[in-house]
Amino acid sequence: MLQPIEPVKDAAPSPYRHPRDLAGPWHAEAACRRDEAGMFFAPSKEPTAARLSREEAAKRVCARCPVMIECREHALLQPEPYGVWGGLTAAERRVVLARRRRREADLQRAPRIAAAG
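Parameters and conventions
Sequence order as written defines the numbering, with residues in each chain counted from 1. For a predicted model such as this one, the threshold for reporting local features is a pLDDT of at least 70, and the threshold for listing and counting side-chain atom pairs is 80 or more; totals across whole chains, interfaces and linings nevertheless cover every residue. Each side-chain value is derived from all of the structure's non-hydrogen atoms; neither hydrogens nor water enter the calculation. UniProt positions are given in the numbering used here, feature names are shortened, and annotations may be inferred rather than shown by experiment. Counting from the N terminus, the helices are DSSP H or I runs at least four residues long and the strands are E runs at least two residues long. Each residue is assigned to one of three classes by its accessible area relative to the maximum for its type, calculated with a 1.4 Å probe on protein chains only: buried under 20%, partly exposed between the two thresholds, exposed over 50%. In this description, contact between two residues means that some pair of their heavy atoms is separated by no more than 4.5 Å.

A.B. asks: Requested: an account of the UniProt feature "binding site: [4Fe-4S] cluster" (unreviewed entry) in the protein, with residues and values cited.
C.D. replies: In this structure's numbering, the residues bearing the UniProt feature "binding site: [4Fe-4S] cluster" (unreviewed entry) are C32, C62, C65 and C71. Across 40 residues in sequence, these annotated residues keep their C-alpha atoms within 10.5 Å of one another, forming a single compact spot. Structurally, C32 can be placed in the loop between α1 (20-23) and α2 (48-63). Residue classification places C32 among the partly exposed positions, given a relative accessible area of 33%. Residues in contact with C32, not counting those within four places in the same chain, are F40 and V61. Along the polypeptide, C65 turns up in the loop between α2 and α3 (68-77). Other than its neighbours up to four places away in sequence, C65 contacts A30 and A31.

Quick look at the structure:
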């Protein structure tokens, strides 16, 4: 007889998790659900001016979204390689992730520096 599958529980919740996550999926409240998905993802061989214009339009939708922070953290933690998520382009997310990695590395080195002095 088949047994029901138990949902997988997170071992350690993310420090960036929002209490709304406990009530249901954050994306159900996303403003982009009412907009054209093409606004958030680049078509192939899109000219630079068109891409910048499309990304700015997508960011305006994100700016009024009630779950922008949850969306951004999702894209950073996955990480999502394409599109505008949480008001950030893929390139902007790479910068944020690099800064987080540097900050975490600095914090890990900090106790050794203080102990040595």
